[in-house]
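Each chain, letter by letter, is given below.
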Amino acid sequence: MNLECGVVLPRMGRIMYNPKSNKAEEFICHDEVLASLAFAKANKNNLELINKILDKAKLGKGLTHREAAVLLDCEIEEKNQEIFELAQKIKQDYYGNRIVLFAPLYLSNYCVNGCVYCPYHAQNKHIPRKKMTQEEIKEEVIALQDMGHKRLAIETGEDPVNNPIEYVLESLKTIYSIHHKNGAIRRANVNIAATTVENYRKLKEAGIGTYILFQETYNKKSYEQLHPTGPKHNYAYHTEAMDRAMTGGIDDVGLGVLFGLEGYRYEFSALLMHAEHLEAAFGVGPHTISVPRIKRADDINPDDFDNGIDDDIFAKIIACIRIAVPYTGMIISTRESDKCRERVLKLGISQISGGSKTSVGGYAHPENEKEDEETAQFDVSDRRSLDEVVKWLMGLGYVPSFCTACYREGRVGDRFMAICKEQQIHNFCHPNAIMTLKEYLEDYASDETKKIGEELIQKELATLENQKIECAVEKNLVSIENGQRDFRF
Ligand code: SF4
C-alpha cells in the first residue's frame, strides 16, 4: 500500500483507482475508499506515522485522502489536540479572521426526484409547491438587499418542465439587474441539478459565481437506494457533473456531502478523492466544500438515518478537511445552531449563511411564516437576523465580509488557487472585507452593530501591512461615508 499516492492494486475484475479518469467509479474508486478506511483503522494509534503526517500537514500544502483519513481516525488524545491546533493555524494563515456572508435563495421547490432525505421529493404530495415569478424574485432580492446581502446561493429542485435552464438563466438576469437603494447582488452562486456541458456554458455566460452540487453520498450502492427515482438516480451522471461544469468553462465548483446518510469516514475519504480528481484532471481543486448534516424537515425525520454524527465528530471532520485542503473555502449553513457554528468557525469555516430562509419566497413576506415552514427544505437552527449574526461574529473577533471582488476581478479557478496557495489572498481579502463591512454598517446595521463595527474597522486597519493599501482603504472609507460604493482591490 502506498500512502503517498493512495494507489492500491485492484483485485481481479475490480475497478482501478485513477484520479485523472473522467469516470466516476474510477476517481471515486470504492476499493480505494475501503482500503483507505482500513489503512486509517490500522494506524489510528500509530504515533510515528501520525507524527509524519502532521509534519507534512504543517507545511500547509495539504494531505492525500489517505493521510487525512489517518488523522480523522487518530485516537491519541494529545495528537488530536495537535490536529485541532493545526487546523486553527491553517485557517488563520489562509483566511485570517474574515468570514464571508451569504444567503440562500430558493426559486422553486418543484422536483421530479425521489431523494429520501429531502421534503421536496416528488412523492411528497402534501407539501405546497411553489415557483417564483420574476416579479416575486424581484421582491425577494429587494428584501435580501435590504438586509445587506451581496452574495446569494440560488437553489431549485430538479424539474425540466417547471425549472428548465431558461428559467434559471432568466432568474439570474433578474437577480443581477436589481439595484435597490445602495443594494446589489454582486455574486450569485448556483446550486441546481447536474446538467449538460452546454447548460453549464450558459450558466457561465450568465455570470454565475460558484457552481455548487452536493454529492449527498459517494457510496454508489447507498446513493442508488437514497435516490430511488428520477434523473438523480444516475450515480455516474451526478458524480461526473463537476467535470462537465469545468468543461463548460465554469471556473469555481463547490463540493459537499450530506453527513448522516452514509458512514462519515467513507464520505470524508471520497470527498477528498473528488477534490484530488479535480486537481489532477483540471489543475484546480474545488473552490468550496460544504458540510451539511441531515436535519428535520416536512416528512423527513433525521432519526430514520443510521449514520448521524455528533458535534465532536463533526468538529473533527471540519478540522481534518481544513488541514487536507487548506486553500479550499469551507461553508456552513444555518442548519447548524449558533453554538455549533461558533465552535467550528475557528477550525476552518470561511463562509456562513445568515438570516436565511429555506423556503420559496420566504424573505419578502415574513408574515407568511407558517407557510414558509411548510415549504422549507430543512429546519433552520440559527434563526437570528443578519444584523445579529454580523454583531455576533464581530464579538467573537471575526471580520464579517460581504466581499465578491475576486470573482469580479477575474481571480477565479486556477488564478484564485495560485494566489491562495501562496497565502497572498490576505492582500486582497482583508482590505476588501473592511470596505464591504463599512458599506454594510453605513447602509443596513443597527446602531449597536454599527458602533461595534466602527471600532473593529479601526483595529483592523492597523493590521494592514502594506502602507499604500492602508492609505487607499482609509480614503475609500471616507468615500463610502460620502455615499460612494463598491470599492475593491
Ligand atoms: S435534494 Fe434536490 S433533487 Fe432531491 S428531492 Fe430535494 S430538491 Fe429534489
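Source: prediction; values computed, not measured.

Conventions used here
- Residues numbered from 1 in each chain as written.
- Predicted model: local features only at pLDDT ≥ 70, side-chain atom pairs only at ≥ 80, totals over all residues.
- Helix = DSSP H or I, 4+ residues; strand = E, 2+ residues; numbered from the N terminus.
- Rg over C-alpha atoms; globule rule 2.2 N^0.38 Å.
- Buried ≥ 20, exposed ≤ 12 C-beta atoms within 10 Å, placed from the backbone.
- Contact = placed C-beta atoms within 7 Å.
- Axes fitted to C-alpha atoms, helices over the stretch in contact; angles between N-to-C directions.
- Parallel < 35°, antiparallel > 145°, perpendicular 65-115°, else oblique.
- Left-handed = near helix turned anticlockwise from the far one by under 90°.
- Nonpolar A, V, L, I, M, F, W, Y, C, P; charged D, E, K, R; others polar.
- Core = buried A, V, L, I, M, F, W, Y, C linked by C-beta atoms within 7 Å.
- Near = placed C-beta within 6 Å.
- Pairing = 2+ DSSP bridges.
- Right-handed = clockwise from strand over helix to strand, strands pointing away.
- Domains from an automatic or database assignment.

J.: Help me out: how do you make sense of the overall build of the chain in this one?
T.: Per the secondary structure count, the chain includes 21 helices and nine strands. Its C-alpha atoms give the chain a radius of gyration of 22 Å, within 12% of the compact-globule value 23 Å for 489 residues. Viewed in the frame of its principal axes, the chain has a C-alpha envelope of about 70 × 55 × 40 Å. Here the chain holds 489 residues, and the buried ones make up 52% of them. Taking contacts inside the chain between residues at least 6 apart in sequence as the whole, the part at least 24 apart equals 77%.

J.: It is not clear to me how unusual backbone geometry should be interpreted in this structure. Could you clarify?
T.: Most peptide bonds take the trans form, and the phi angle of most residues other than glycine is negative. Phi is positive for lysine 181, close to 50 degrees, though the residue is something other than glycine. When you line up the elements, lysine 181 lands in the loop between helix H7 (165–177) and strand S3 (187–191). Residue class for lysine 181 comes out exposed when judged on the 10 C-beta atoms lying within 10 Å of it.

J.: Would you mind going over the environment of lysine 44 with me for this structure?
T.: Residue placement: lysine 44 occurs in the loop between helix H2 (30–42) and helix H3 (47–58). Lysine 44 sits 31 residues away from glutamate 75 along the chain, and the two C-alpha atoms are 5.7 Å apart. Once residues lying within four places of it in the same chain are set aside, the contact partners of lysine 44 are Asp73, Cys74 and Glu75.

J.: Got a minute to help me understand the packing of helix H19 (residues 426–443) against helix H20 (residues 447–461) in this structure?
T.: For any two helices packed against each other, one specifies the inter-axial angle together with the distance between the axes. Packing of H19 against H20 leaves a shortest axis separation of 10 Å and a crossing angle of 160 degrees. Between H19 and H20, the angle falls in the class roughly antiparallel. Helix-helix and strand crossings are classified by hand; for H19 and H20 the assignment is left-handed. On the side of H19, the interface is formed by Ile434, Leu437, Lys438 and Leu441, while H20 contributes Lys450, Gly453, Glu454, Ile457, Glu460 and Leu461. Per-class residue counts for the contact of H19 with H20 are five nonpolar, one polar and four charged.

J.: What is the right way to look at the environment of glutamate 67 in this model?
T.: Checked against the element boundaries, glutamate 67 lands in helix H4 (residues 65–73). Considered as a pair, glutamate 67 and arginine 488 are 421 residues apart in the sequence and their alpha carbons are 38 Å apart.

J.: Where do I start with the nonpolar core in this structure?
T.: Taken as a class, soluble globular proteins show a tendency for nonpolar side chains to be buried jointly. Grouped together as the largest cluster of nonpolar side chains are 141 residues, with contacts concentrated most on Leu152, Tyr211, Ile318, Cys320 and Ile323. If near-sequence neighbours (up to four positions away) are discounted, tyrosine 211 is found in contact with Val190, Tyr200, Leu203, Ala245, Ile250, Val253 and Gly254.

J.: What exactly am I supposed to notice about the site of the ligand here?
T.: Around the ligand, a shell composed of Cys111, Asn113, Cys115, Cys118, Tyr120, His121, Gly157, Glu158, Ala193 and Lys232 is seen. Looking at the shell around the ligand, its residues break down into five nonpolar, three polar and two charged.

J.: I would appreciate a short explanation of the environment of glutamate 454 in the present structure.
T.: Inspection of the secondary structure assignment puts glutamate 454 in helix H20. Put simply, glutamate 454 and glutamine 225 are 229 residues apart on the chain and 52 Å apart in space, counted from C-alpha to C-alpha.

J.: Whenever I open this one, the pairing of strand S5 (residues 253–256) confuses me. Can you help?
T.: Regular strands place their side chains on alternate faces of the sheet. What you see with S5 is no split at all: Val253 and Leu255 on one side and Gly254 and Gly256 on the other are buried throughout. The sheet contact formed by strand S4 (residues 211–212) and S5 spans two bridges and is parallel. What sits directly across from isoleucine 212, in S5, is glycine 254. The parallel pair S5 and strand S6 (residues 288–290) is bridged by helix H12 (residues 264–282), and the resulting crossover is right-handed.

J.: Which parts of the structure should I look at to understand the domain arrangement of the chain?
T.: Accessible area lost upon the coming together of the parts serves often as the stated size of an interface. Domains assigned within the chain are domain 1 (24–92), domain 2 (96–383) and domain 3 (422–481). On the domain 2 side, the residues contacting the 26 residues of domain 1 number 29 residues. Of all the elements in the fold, those that place two or more residues in the side of domain 1 that touches domain 2 are helix H1 (24–27), H2, H4 and helix H5 (77–95). Among the elements that line the side of domain 1 that touches domain 2, the one with the most residues is H5, at eight residues. Its residues assigned to classes, the side of domain 1 that touches domain 2 shows 16 nonpolar, seven polar and three charged.

J.: Honestly, the packing of H19 against helix H21 (residues 467–481) in this entry has me stumped. Any pointers?
T.: Direction vectors running N to C along H19 and H21 enclose 15 degrees, while the axes themselves pass 10 Å from each other. The orientation of H19 relative to H21 falls into the category roughly parallel. Judged by the twist between their axes, the crossing of H19 over H21 is right-handed. Contacts from Pro431, Ile434, Met435, Lys438, Glu439 and Glu442 in H19 reach Ile469, Val473, Asn476, Leu477, Ile480 and Glu481 in H21.

J.: Can you help me understand the pairing of strand S2 (residues 151–156) in this one?
T.: Extensive coverage of S2 is indicated by the burial of six of its six residues. Residues Arg151, Ala153 and Glu155 of S2 are buried on one face, and the alternating residues Leu152, Ile154 and Thr156, pointing to the opposite face, are buried as well. Bridge count for strand S1 (residues 98–108) against S2 is five bridges, and the pairing is parallel. Paired with leucine 105 across the strands is isoleucine 154, a residue of S2. Between S1 and its parallel partner S2, the chain crosses via helix H6 (residues 134–147), and the hand of that crossover is right-handed. Sheet topology places S2 next to S3; five bridges connect them, and they run parallel. Residue pairing in the sheet places leucine 152 in a bridge with alanine 188 of S3. A crossover connection joins S2 to the parallel S3 through H7; in handedness this β-α-β unit is right-handed.

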